[in-house]
Amino acid sequence: MREVDRSSPVPLWSQVLEDLRVRLGEGEFAERFPTDLELMDTYGVSRHTARDAVRRLADEGLVDRERGRGTFVRARAIEQPLGALYSLFQSIEAEGYEQ
């Protein structure tokens, strides 16, 4: 999506948030997360709208924001089942990591 639909009843921050979720899921921000100014240019929205979407990503635990340093994608934790026998190798591969 990259552009927001201003005629949609869905708030702009929500449109940006949904697109950022998709892009995060695709691993697009593995190197670095865009700045507020880059998000403003990409989506054609105000700084407040861009920050609101990123703040919600941070609230969901998908990114970390550090004042003066920027926004960083939070590494996914590897979940290991408890109780029954399991393979750590299979758990790691199931998360999409290569050994």
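Not measured: the values here are computed from a predicted model. Note on numbering: residues in each chain are counted from 1, in written sequence order. Where local features are concerned, this predicted model is filtered to residues with pLDDT of at least 70; where side-chain atom pairs are given and counted, the filter is 80 or more; whole-chain, interface and lining totals use all residues. With hydrogens and water excluded, all non-hydrogen atoms of the structure serve as input to the side-chain values.

Quick word on the packing of aromatic side chains
Here comes step 1: For Phe, Tyr and Trp, rings pair up if their centres lie within 6.5 Å, where Trp contributes its six-membered ring, and each pair is then called stacked (planes under 30 degrees apart), edge-to-face (over 60) or tilted (otherwise). With the rule as written, the count across this model stands at 1 aromatic pair.
Here comes step 2: The criterion is that NZ of a Lys, or CZ of an Arg, lies within 6 Å of the ring centre and within 35 degrees of the ring normal, and then a charge sits over that ring. Positioned above the aromatic ring of Trp-13 is the side chain of Arg-56, whose terminal nitrogen or guanidinium carbon lies 3.5 Å from the ring centre.

A few points about the pairing of strand β1 (residues 63–66)
Here comes step 1: Here β1 runs beside strand β2 (residues 70–73); their pairing, made up of 4 bridges, is antiparallel. Bridge pairing links Asp-64 to Phe-72 in β2.
Here comes step 2: Taken together, β1 and the strand that follows it, β2, pair antiparallel across an intervening segment of 3 residues, in which Gly-68 is found at a positive phi of about 85°. For two strands to pair, DSSP has to find at least two bridges joining them. Runs of H or I in DSSP of at least four residues are treated as helices and runs of E of at least two as strands, each being numbered from the N terminus.

Here we look at the pattern of salt bridges
Here comes step 1: What makes a salt bridge here is a side-chain nitrogen of Lys or Arg within 4 Å of a carboxyl oxygen of Asp or Glu, nothing more. Within this structure, the stated rule accounts for 11 salt bridges.
Here comes step 2: Across the pair Arg-55 and Asp-59 runs a salt bridge, and its minimum N-O distance is 3.1 Å. Placement of the pair is Arg-55 and Asp-59 together in helix α3 (residues 47–59), with a separation of 4 residues, close to one helical turn.
Here comes step 3: Relative accessibility decides the category of a residue: with a 1.4 Å probe and only protein chains considered, values under 20% of the type maximum give buried, values over 50% give exposed, and everything between is partly exposed. Judged by relative accessible area, which is 39%, Arg-55 ranks as partly exposed.
Here comes step 4: Overlapping salt bridges bring together Asp-52, Arg-55, Arg-56 and Asp-59 as one network.

Quick notes on the packing of helix α2 (residues 36–43) against α3
Here comes step 1: Between α2 and α3, the shortest axis-to-axis distance is 9 Å and the interhelical angle comes to 110°. One way to sum up the angle between α2 and α3 is to call them roughly perpendicular. Facing α2, whose interface residues are Asp-36, Leu-37, Leu-39 and Met-40, α3 presents Arg-47, Ala-50, Arg-51 and Val-54.
Here comes step 2: Put simply, Ala, Val, Leu, Ile, Met, Phe, Trp, Tyr, Cys and Pro go in the nonpolar bin, Asp, Glu, Lys and Arg in the charged bin, and everything else, Gly too, in the polar bin. Of the residues that constitute the contact of α2 with α3, the class distribution is 5 nonpolar, no polar and 3 charged. Structural elements are reduced to axes, namely lines fitted to C-alpha atoms, with helices fitted over the stretch in contact, and the angle between N-to-C directions of any two is expressed from 0 to 180 degrees. Roughly parallel refers to an angle under 35 degrees, roughly antiparallel to one over 145, roughly perpendicular to one between 65 and 115, and oblique to any angle outside these ranges. Every residue pair with non-hydrogen atoms within 4.5 Å of one another is taken to be in contact.

Regarding the nonpolar core
Looking at soluble globular proteins, one finds that nonpolar side chains tend to be buried together.
Here comes step 1: By nonpolar core we mean a set of buried residues, namely Ala, Val, Leu, Ile, Met, Phe, Trp, Tyr and Cys, connected to one another through side-chain atoms within 4.5 Å. Membership of the largest hydrophobic core comes to 15 residues, with the highest contact counts inside it found for Val-16, Leu-20, Phe-33, Leu-39, Tyr-43 and Leu-57.
Here comes step 2: Secondary-structure elements contributing two or more residues to this core are α1 (12–25), α2 and α3.
Here comes step 3: Not counting residues up to four positions away in its chain, the partners in contact with Leu-57 are Leu-17, Leu-20, Arg-21, Leu-24, Phe-33, Leu-62 and Val-63.

What about the packing of α1 against α3?
The axes of two packed helices give the description: the angle between them and the distance between them.
Here comes step 1: At their nearest, the axes of α1 and α3 sit 8 Å apart, and the two run at 50° to each other. Comparing the axis directions of α1 and α3 gives the class oblique. The chirality of how α1 crosses α3 is right-handed. Here α1 contributes Leu-12, Trp-13, Val-16, Leu-17, Leu-20, Arg-21 and Leu-24 to the contact with α3, which in turn contributes Thr-49, Asp-52, Ala-53, Val-54, Arg-56 and Leu-57.
Here comes step 2: In the contact of α1 with α3, the residues fall into 9 nonpolar, 1 polar and 3 charged. Each crossing gets its handedness from the near helix: less than a right angle anticlockwise from the far helix is left-handed, clockwise is right-handed.

All we've got here are geometric facts, nothing functional implied.
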